[in-house]
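# Summary of the model geometry
Residue-level listing of the chains:
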Amino acid sequence: MAELLVKTACDGLESLKIGLLTLTESKPQTLTTLAPYQGEQQALDKALTKAHGVGFPGVNGSTSGKGARVLWFGRDLALLMGPQPDPSLARHAALTDQSAGWAVMELAGPGAEDVLARLCPVDLRFAVGASVRTEAKHMMASLCRLDKDRFQIMVFRSMAQTLHHDLKTAMEAWAARR
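### Some remarks on the sheet that holds strand S1 (residues 16-18)
Pairing within the open sheet is antiparallel, and its six strands lie in the order S1-S2-S8-S11-S10-S9. The open sheet has two edge strands with one neighbour each: S1 and strand S9 (131-136). Pairs of neighbouring strands in the sheet enclose a mean axial angle of 25°, with direction left out of account. As paired elements, S9 and strand S10 (residues 139-147) share six bridges and run antiparallel to each other. Of the residues in S10, the one forming a bridge with Glu 135 is Met 140.

Here's what the structure looks like:
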């Protein structure tokens, strides 16, 4: 019988350091979408706060604390990152494990915003903690500003290599202009 090995979406993709910029795979963690049942968003917010110390984020926002982060992930949808969801959340929302379905990378360093501007048709001057759904070249992506010059970029698992290539090309072009 074949032995199946668990690999992350970015397995085999090298971490990059180009100029002042770095691109790395984010530490693998549990990813769970939270889709509140009709009329249950406030109850879900309270249950999330009680169970994980973070609330349900507003549009284009995120919340974090106690080793958990919750990203706005679309209309009436959030993504819990970090812990396994507390079973009590299932009373208020449909929970779906997305852990194996996404490639999660971090782009950091002065110029990260400029590099992403080459790929994403969205105003990237948003605050730390903001989360947006957008395109990254031709792929649907989720961006979250983790710090002044650090972004988390998520694409579907099947697009990991393409995102890595596109970011590398944009990083090289940006660094060449310095």
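From this point, things continue past the structure.
### Some words on the pairing of strand S8 (residues 102-108)
Most of S8 is tucked away: seven of the seven residues are buried. Residues Trp 102, Val 104, Glu 106 and Ala 108 line one face of S8 and the alternating positions Ala 103, Met 105 and Leu 107 line the opposite face, and both faces are buried. Of the pairings in the sheet, the one linking strand S2 (residues 21-25) to S8 comprises four bridges and is antiparallel in character. What sits directly across from Glu 25, in S8, is Met 105. In the sheet, S8 pairs with strand S11 (residues 150-156) via seven bridges, with the strands oriented antiparallel. Bridge pairing links Met 105 to Ile 153 in S11.

### Observations regarding the sheet that holds strand S7 (residues 93-97)
Strands sit in the order S4-S5-S6-S3-S7 across an open sheet of five strands; the sheet is antiparallel. On the outer flanks of this sheet lie strand S4 (62-65) and S7, each paired with one strand and no other. Geometrically, the sheet is characterised by an average inter-axis angle of 20° between neighbouring strands, direction not taken into account. Pairing between strand S3 (residues 30-36) and S7: five bridges, direction antiparallel.

The rules behind these values
Residues numbered from 1 in each chain as written. Predicted model: local features only at pLDDT ≥ 70, side-chain atom pairs only at ≥ 80, totals over all residues. Heavy atoms only, no water. Pairing = 2+ DSSP bridges. Helix = DSSP H or I, 4+ residues; strand = E, 2+ residues; numbered from the N terminus. Axes fitted to C-alpha atoms, helices over the stretch in contact; angles between N-to-C directions. Buried < 20%, exposed > 50% of the residue type's maximum accessible area, 1.4 Å probe, protein only.

Everything listed here is a matter of geometry and, on its own, says nothing about what the molecule does.
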